[in-house]
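Listed below are the residues making up each chain.
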Amino acid sequence: MRSADPESYDGRRRWQALGVGLVAAFMTLLDISIVNVALPSLDRALNASPADLQWVLSGYALTFGLVLVPAGRFGDAHGRRNTFVFGVALFTVTSTMAGLAQSPTWLVAARLLQGAAAGLVNPQVTGMIQQLFQGPERARPFGLLGATIGISTAIGPLLGGILIAAGGPEHGWRWVFFVNVPVGVIAVILGWRLIPHRPVGQTVRRRADPVGVLLLGVGVTLVLLPLVQREQWHGPVKWLLLPAGLITLVGFTLWERRYARQGPPLFDVGLFRVQSYALGALIALTYFGGFTAIFFTFTLYLQTGLGYSALVAGLAITPFALGSAVASAVGGRIVNRFGRPLVATGLLAVVVGLGLVALAIEVAPHPPVPWVTAAPLLLAGIGSGLVIAPNQTLTLSEVPVPQAGSGAGMLQTGQRIGSAAGIAAVGAVFFSIVGSGDDWSKAFERSLMVSAGIIVLALLTALVDIVRHRRHA
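A few points on the structure. (Residues numbered from 1 in each chain as written. Predicted model: local features only at pLDDT ≥ 70, side-chain atom pairs only at ≥ 80, totals over all residues. Heavy atoms only, no water.)

Some thoughts on the overall build of the chain
At step 1: Across its full length, the chain carries 16 helices and zero strands.
At step 2: For 473 residues, the compact-globule formula gives about 23 Å, and the C-alpha radius of gyration of the chain, at 21 Å, lands near that figure.
At step 3: In terms of principal-axis extent, the alpha carbons of the chain reach across some 65 × 55 × 50 Å.
At step 4: Looking at the chain residue by residue over its 473 residues, the buried ones come to 58%.
At step 5: A separation of at least 24 residues holds for 84% of the contacts in the chain among residues at least 6 apart in sequence.
At step 6: Of the roughly 18400 Å² that the chain leaves accessible, carbon and sulfur atoms contribute 68%.
At step 7: Within the chain, the 19 negative side-chain charges are centred at a point lying 9 Å from the centre of the 32 positive side-chain charges. (Helix = DSSP H or I, 4+ residues; strand = E, 2+ residues; numbered from the N terminus. Rg over C-alpha atoms; globule rule 2.2 N^0.38 Å. Buried < 20%, exposed > 50% of the residue type's maximum accessible area, 1.4 Å probe, protein only. Contact = heavy atoms within 4.5 Å. Areas by Shrake-Rupley, 256 points an atom, 1.4 Å probe, with all protein chains shown as cover. Lys, Arg positive; Asp, Glu negative; His and termini not counted. Charge placed at Lys NZ, Arg CZ, Asp CG, Glu CD.)

Quick look at the pattern of salt bridges
Pairing between side chains of opposite charge can happen when their charged atoms approach one another.
At step 1: In total, this model carries four salt bridges according to the counting rule given.
At step 2: Arg468 is the salt-bridge partner of Asp465, the closest N and O atoms lying 2.7 Å from each other. You can see Asp465 and its partner Arg468 sitting in helix α16 (residues 440–472), three residues apart, about one turn around the helix.
At step 3: Through salt bridges that share partners, Arg340, Asp465 and Arg468 make up one connected network. (Salt bridge = Lys/Arg side-chain N within 4 Å of Asp/Glu carboxyl O.)

Let's talk about empty space enclosed by the protein
At step 1: Following the criterion strictly, the structure yields four cavities of 30 Å³ or more and no others.
At step 2: One number sums up the size of the largest cavity: a volume of about 80 Å³.
At step 3: Ala25, Leu29, Asn122, Val125, Thr126, Leu145, Ile149, Gln392, Gln412, Gln415 and Arg416 are the residues that line the largest cavity.
At step 4: When residues of the lining of the largest cavity are traced back to their parent elements, those giving at least two are α1 (11–33), α5 (104–132), α6 (139–178) and α15 (404–435).
At step 5: Within the lining of the largest cavity, the residues separate by chemical class into five nonpolar, five polar and one charged.
At step 6: Looking at the second largest cavity, the residues that line it are Ile283, Ala284, Tyr287, Phe288, Val387, Ile388, Asn391, Gln392, Leu411 and Gln415.
At step 7: Counting only elements with at least two residues in the lining of the second largest cavity, the list comes to α10 (275–305), α14 (374–396) and α15.
At step 8: Along the lines of polarity and charge, the residues of the lining of the second largest cavity split into seven nonpolar, three polar and no charged. (1 Å grid on protein atoms, 1.4 Å probe; cavity = no way out; pocket = protein on both sides within 12 Å on 5 of 7 lines; lining within 4 Å. Points joined across faces, edges and corners; volume = space filled by probe spheres on them. Nonpolar A, V, L, I, M, F, W, Y, C, P; charged D, E, K, R; others polar.)

Section: the packing of aromatic side chains
At step 1: Summed over all chains, the structure comprises 16 aromatic pairs.
At step 2: With centroids separated by 5.5 Å and ring planes inclined at 90°, the aromatic side chains of Phe291 and Phe295 adopt a geometry described as edge-to-face. Of the two residues, Phe291 and Phe295 are both situated in helix α10; the distance of four residues between them amounts to about one turn of the helix. Grouping residues by exposure puts Phe291 and Phe295 together as buried. (Phe/Tyr/Trp six-rings, centres within 6.5 Å; stacked < 30°, edge-to-face > 60°.)

Here's the deal with a nonpolar patch on the surface
At step 1: Together, Leu348, Val352, Leu356, Leu359, Val363 and Leu379 line one region of the surface with nonpolar side chains, adding up to about 500 Å² of accessible area.
At step 2: If you tally residues by element for the nonpolar patch, the top one is helix α12 (residues 340–363), at five residues.
At step 3: Tracing the sequence through the fold places Val363 in helix α12. (Patch = residues over 30% accessible without salt bridge, like charges linked within 9 Å, V, L, I, M, F, W, Y side chains within 5 Å.)

Some thoughts on the environment of Ile423
At step 1: Relative to the helices and strands, Ile423 resides in helix α15.
At step 2: Between the C-alpha atoms of Ile423 and Gly167, which are 256 residues apart in sequence, the distance is 29 Å.

A few points about the layout of surface pockets
Regions of empty space are outlined by a rolling probe, equal in size to a water molecule, passed over the atoms.
At step 1: Taken as a whole, the second largest pocket holds about 490 Å³ of empty space.
At step 2: Taken together, 20 residues line the second largest pocket, and the ones lying closest to its centre are Phe272, Leu285, Met410, Gly414 and Ile417.
At step 3: Counting residues per element, the ones that place at least two in the lining of the second largest pocket are α8 (210–228), α9 (241–259), α10 and α15.
At step 4: Residues that form the lining of the second largest pocket fall into these classes: 17 nonpolar, three polar and no charged.

Describing the packing of helix α11 (residues 310–338) against α14
At step 1: Running from amino to carboxyl end, α11 crosses α14 at an angle of 35°, the nearest separation of the two axes being 6 Å. Helix-helix and strand crossings are classified by hand; for α11 and α14 the assignment is right-handed.
At step 2: Its residues assigned to classes, the contact of α11 with α14 shows 14 nonpolar, eight polar and no charged. (Axes fitted to C-alpha atoms, helices over the stretch in contact; angles between N-to-C directions. Left-handed = near helix turned anticlockwise from the far one by under 90°.)

Here's what the structure looks like:
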């Protein structure tokens, strides 16, 4: 089978390669949210404990976040095709393992490996955009990637609900994993044919940085573990892992600065001196902290609190997904014209949309919730589409191509940490209100306000960047 070299890429071929990458990214990101609606049927089928269910969700996110930066750096140094193909193949195999699971332990192990495979794939997609597209022309592919991120996160519950309804309450949850298999096989074949094998313009092989990998892995694990296990690990002792993780990440930063004197490090911490990268990464961290938690609490509210089916719960989030899809495609095209103010506008629209969702439930709590929240969620989705893709374009715009994979990996690691922290904070508010005996509507309204408050922090960061640009101008 003949593979592609970077020099042979014409306009059509690079878009084909991007298409394969976006399909794989969609598949891996979808598995973050699609499993939420499968938990009740999965619980009944495998007799899983609450701790098992928590690890089915959080284990995927944990290993996903751990692998991102090392995988991005490996793709930068050795070419993206082999890493991408291996990651997709592993994701396909582990999806099959998850679908065939006969016990909770089996399923949790498969999800841990599946998350690691997703972490291998995603930095290659972003790095490929940096490699195959130059300057302002990157805006459109980044727009498509942003649409992929937004749609996959929002549409997961809908697709999960459809698969569970089609497969039945006993085995429908298995199809949530099996659906990845045919897509993965096709992506492996096309990825091998279309994605560049060699890094462009780079012939020097990089030395390994095992200490950097270890420090980053330990630091991210210590930060994420108490967040993803907040409901299962009782008592305040678990929160001591957070400062330990932050100290380890400081040690990682110091080590990488020292290692950079000898050769290319795992991650060039000097990228954080590039203000567009530093502020964009902070926006991504805080936005995903508020954005991801919305679907977690909304799904619980609709299914457990109000008794809707998994399919209806998924349909309720569809307006957000549609708005995000359209706005991401548009935002990717116009981001070079408007810059960071476009991101700030999107963030403001999300905050307003979430406020209107809470108001709709407060004013009209008894009519079918999916109807009264549709328009506000559409507005929030449009705002989200103007945030994710444009912010990613602006954040990575000044990152050198040889560091594109590791830079994108660190950006996505921040998104995973933000998502875990946001779900922990918002979930704590949600469950505390439900546990105190108040109704589910009040719990969801309060959790929405917390999500909106976190997103306001992202908005303030965007405003700082806008002011900085105007002063320079």
